Structure formats: C-alpha cells, structure tokens
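Summary of structural features
Now for the letters of each chain:
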Amino acid sequence: MRKPNAPSSRSVGLVWLSLLGGMALTVTDSATAAMSPQSPISSQSPESSSRPNIVIVLADDLGLGDLSCLNPNAATATPNLDRVAAAGARFTDAHSPSAVCSPTRYGILTGRYCWRSSLKSGVLWTNDPLLIEPDRPTIATELATRGYETAFIGKWHLGLGAQGPTDWTAPLDGGPHTVGFERSVGIPSSLDIPPYCWFRDGAGDPSPTTTIEGSKHRRQDGGGFWRAGAIGEGFVHQEVLARSVDESIAVVQNHAKANDGRPLFLELCLSAPHTPWLPTDRFQGTSTAGHYGDFVNEIDFEVGRLLAALETSGLAENTLFIFTSDNGSHWPVADRQRWGHAANLDWRGQKADIHEAGHRVPLLVRWPSVVAPGTTIKETVCLTDLYATSIAAAGESESATAPPPSQGGEDSINLVPLLAEGNTAGLADRTGIVHHSLDGMFAVRVGDWKLIEGLGSGGFTAPKRRAAKEGEPTVQLYNLATDPRETKNIAARNPGEVARLQAILDRIRADD
Ligand SMILES: [Ca+2]
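None of these values were measured; they are calculated from a predicted model. (Residues numbered from 1 in each chain as written. Predicted model: local features only at pLDDT ≥ 70, side-chain atom pairs only at ≥ 80, totals over all residues.)

Thoughts on the sheet that holds strand β17 (residues 449–452)
Hydrogen bonds between backbone atoms are what pair the strands of a sheet, whose relative direction is either parallel or antiparallel. Applied cut-off: Between any two strands, pairing holds if DSSP finds at least two bridges. Secondary structure follows DSSP: runs of H or I at least 4 residues long count as helices, runs of E at least 2 residues long count as strands, and numbering of each begins at the N terminus. With axes taken as lines fitted to C-alpha atoms, and helix axes fitted only over the stretch in contact, angles between N-to-C directions fall between 0 and 180 degrees.
If you walk across this open sheet you meet the four strands as β15-β16-β17-β18, and the pairing is antiparallel. On the outer flanks of this sheet lie β15 (433–436) and β18 (476–479), each paired with one strand and no other. Put simply, the sheet's adjacent strands are angled 20 degrees from each other on average, direction ignored. Pairing of β17 with β18, which is carried by four bridges, proceeds in the antiparallel orientation. Across the sheet, K450 pairs through a bridge with Y478, a residue of β18.

With respect to unusual backbone geometry
So the rule is basically this: Residues are called buried when their C-beta atom has 20 or more other C-beta atoms within 10 Å, exposed when it has 12 or fewer, and partly exposed otherwise; all C-beta atoms are positioned from the backbone.
At the junction of A272 and P273, the peptide bond is cis and its omega measures out at 5 degrees in the coordinates. With respect to the helices and strands, P273 occurs in the loop between β10 (264–269) and α7 (290–312). Positive phi values are uncommon outside glycine, yet A352 reaches one of about 85 degrees. As for its position among the elements, A352 is in the loop between α8 (333–339) and α9 (356–359). For A352, a count of 27 C-beta atoms within 10 Å corresponds to the buried category. A positive phi is found at E486, a non-glycine position, where the angle reads about 55 degrees.

So, the environment of V370
The residue V370 is located in the loop between β12 (363–366) and β13 (375–377) in this model. Between the C-alpha atoms of V370 and V416, which are 46 residues apart in sequence, the distance is 8.9 Å.

Digging into the nonpolar core
We apply this condition: The nonpolar core criterion groups buried Ala, Val, Leu, Ile, Met, Phe, Trp, Tyr and Cys residues into a set whenever they are joined through C-beta atoms within 7 Å. Residue ranges for the domains trace back to a domain assignment, done automatically or taken from a database. Once C-beta atoms are placed from the backbone, any two residues with those atoms within 7 Å are in contact.
In this structure, V57, L270, I322, L419 and L451 are the most contacted members of the largest nonpolar core, which totals 134 residues. The biggest single contributor to this core is α7, with nine residues. If you count residues domain by domain, this core takes at least three from each of domain 1 (7–380 + 388–429) and domain 2 (433–510). Apart from residues no more than four positions distant in its own chain, L451 is found in contact with A443, V444, V475, L477, V498, L501, Q502 and L505.

As for the environment of R366
Tracing the sequence through the fold places R366 in strand β12. The exposure class assigned to R366 is buried, which follows from the 23 C-beta atoms found within 10 Å. Between the C-alpha atoms of R366 and V55, which are 311 residues apart in sequence, the distance is 10.0 Å. When residues no more than four places from it in sequence are discounted, the contact partners of R366 are V84, A87, G88, F321 and V371.

Describing the packing of helix α6 (residues 240–258) against α7
Applicable threshold: Geometric relationships in this document are graded by angle, where less than 35 degrees denotes roughly parallel, more than 145 denotes roughly antiparallel, 65 to 115 denotes roughly perpendicular, and other angles denote oblique. Each residue gets one label: Ala, Val, Leu, Ile, Met, Phe, Trp, Tyr, Cys and Pro are nonpolar, Asp, Glu, Lys and Arg are charged, and the others, such as Gly, are polar.
One can describe the packing of α6 onto α7 by two numbers: an axis separation of 9 Å at closest approach and a directional angle of 10 degrees. The angle between α6 and α7 falls in the class roughly parallel. Contacts between α6 and α7 pair L241, A242, V245, S248, I249, V252 and Q253 from the former with E298, E302, R305, L306, A309 and L310 from the latter. When the residues that make up the contact of α6 with α7 are grouped by side-chain class, the tally is eight nonpolar, two polar and three charged.

Rendered as structure tokens:
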C-alpha cells in the first residue's frame, strides 16, 4: 500500500511566490512548466516559519454551480466565497471520495477511501457507532502531535459511541473527542435524521429526551423536511447553521486570546444546504432559486462571519483556509428546469450518483503568501488529499517522543507543492481516482477516461441500477475531454480501454 507523501519534500516557495506579487496565474499543464522555479529557493518552509492555522469548512450538498465565482449564471450570490477564490486557488476538477455524506467525511479525516472501512454503501443512520476505527490516524490526531489545538464544530455524521447504538444517558465513548479533537460541538448527523441534539466534548448538550413529529413536505414548497424522532430540549433546526458558526467563532476568538504559541486546526462541517432547507427570514427571497438558493446565500453570509473573525483575531494571514463540499448538490433536472439554476453546472446527475454531479465538488483554498491570488487549478484531485496536505502544511512532528509518522492516509496525496508552485510531480503517485456512489457503485478516473462499473446512476437518478441488454456492455466508459456530459457510453468500441481501467480499479481496490 502506498504511503502518504513525505512531508519533507514540500518546499513551498514562499519567497518565489512573493516575487509574483498579486499576479493572477492559471495552473495548467503548459503553465506548470513555466512556473516551476529552477531550484527551491524557499527559506521559509513550514519547519522554519510558524506553523499555519488550518481551517477546513465542509458544506453539505453544495454544488459547483452554487458559487457565483464558478457560475456566472447562478441564481445565488456568494460574495464571501468569491473573495476566497479570488484571494487563492479554485479547483475545477476536485472530487469527493463518495457521492454522499458519511463516507466523504471519513475520507477527509483519514485520507482513506471509506469503502475500505466497514461501511460499503449508504450513510450512517440514527445512533450508529463511530465509523473511524480505533487507533486510525486522522488529521486531528496527526496535527495534535504537532502541537495544534484541534476543534470540531457542526455536522459529524461519523457515528457516536464505541459500539452498538449511541447511549445518550452516559458520556459518549466514541466521537470527535476520541479521534483527535480536544474540543467538539456538533450534531450527530444530517439535519433530517434523528436524534436532533447538540453534543459537546463527549456528552449530549443536552441529550435527546423528547420527540418531534416529522415534517410533511420534502422540498421547495414546504417548511423543510425532517424525519420524526428523538430531539434534545431547546433544539431548533433553523438555528443550527448560525450556531455552528457562532461556536467556530468562539473557538477562533478563544484561540487568539490564549495566544499560547499553538496553531489551530478547526474543522467546521456545515449542515447546509442539505435538507431541511431552512433559510432564516433575513435570507428568504434573496435568490431566484427558492428556499434552496436562499439557503446557499445564507451559507455564504455565515462563512463570511467566520472569515471576519479570523481577520479581526489576527489569524487570517497565517491560515490555510479550505472550503469544499461533501458531495454534489441534491438538485435533479426538474429543479434545474423550474428555477433555471444549474447547482451542479452542466455535469450529469446529482448528489448520490456515480456520474460527475455526484462527486465533482467546489474546492477553494486561501493561504496568503503561499497560494497566489487568482489561481485556477485544473488537475484532478480528491478530498482524501486534505489529509496529507494538512499534515504537510503543518510540518514535521515537533516532539521527539511523538508517535512515528503516520502509517495512514493510504489514499491521500500532499497538494502543497501543487498549491504553492503548480508542481504536479506528486500527483504521479496516483494511478487513478476512485469514485463511489450511494449504493456502492464504483468508478475510476484515469486522465480523461472514466470507467463506471455498472449501468445506471448508482444513486438518486433513475434508473439506479439496470441489467445489460443482450450484447450490451455491463459497464460505462466515457472520455470527459470529448464527452464531459457522459452522454455516450463508448465501452463497446473501446474494449482495450475498458480492460486497462478495470485493471487499475481492481489494483487500487485490492491494495488494502
Ligand atoms: Ca452531503
């Protein structure tokens, strides 16, 4: 099994980049060569400069086309996120490792595809125990050994409790606090899956002790949707987004106030724009895409509040700030036609699907003095890469007695050289990126080629799975350079390409 990139190879080229000033640059294959310095001239690698704070903000079901910086025709307006993109890098070919929630969250924190874990399809459900295996390294455990304060806020959806159904009458013996986060405030899973409650540092805050009826309406025409089930006293669905950001701002402010020389790692997992779509009064009617679009606008406002807190606390300048989404938007063709809003741009499908809209996600990175403003990165990357990237950004473990370098991050590539210098060498370590759908359908992406191991969407779009007709291939093959919409399955006339990609997928899967 491949080990994560050695952090020692990351020379981030701070001095070289500073020579570029504010010049916008576009990282393409041809530009990469021109951008590469003759030799590393950085004198400020993370080892010798102060370690950066690292903030990862993960939206829930936000599509590429929801950001106005990525979609000139968006029915939404995201000025704060647009400023993040303008100040740093935007990726155009970034993928969540899964087209749904829990597996992507596992992949980000561990740098490992979730289908290697016990969860082979779907998402965790009410009161499932912790999915992350005991002793598995996570971004949080690795950064903690490097002296970071570590905090998790928001939607967890990785299970609570060590085994069996979560026991809310006792301290939680599994959760963010057992996988490296010294502080945590969150909700168990999606905002439409009970129990509805907050937890704080390993205990209910308060635990769910009563019940709520389910809401009747599912999407645009109702008051939001959630399933009936347990709820904690005082829990209000509509307050979760703002409260998650309030808690994050408190973490930032307390961190700045402590000023103890430790850097901060904060993972903020937003509960939006996943259903229930519950924009507060202030945002209703601010978009032309109904409650969904209004909710997206509220996300942007809330991220803006966090960015402002980083600025006023004096942390922003030395912070690697990452914004992304756990899967594509839950936005079928009917919604696009009704509202004229392409939440997933022109990519085929929607959340949960194996086609591009299921897993091609927005990814913005702002890192002043390392990532040049206005950078566009077209290389294919996976959110599992945030594991090795975060560890590389943090630098070597500071304690001689700290555990040895991680043996985790099996499916993670360090993106710091790509971000800082347009250096694509590290990406060559990966033969292909694996995509995974709601029902466990696999696909592999190698260059422009994409092989899907089955027929149908594997997710929400019908048909989910279908049998091959007589003489029809049992797989889908597309070339995204010539057919980005995945309209024409060319598996039948490219058996050699099918065999090549199938062998790569089999090899990655077997490498466990
Ligand atoms: Ca999601």
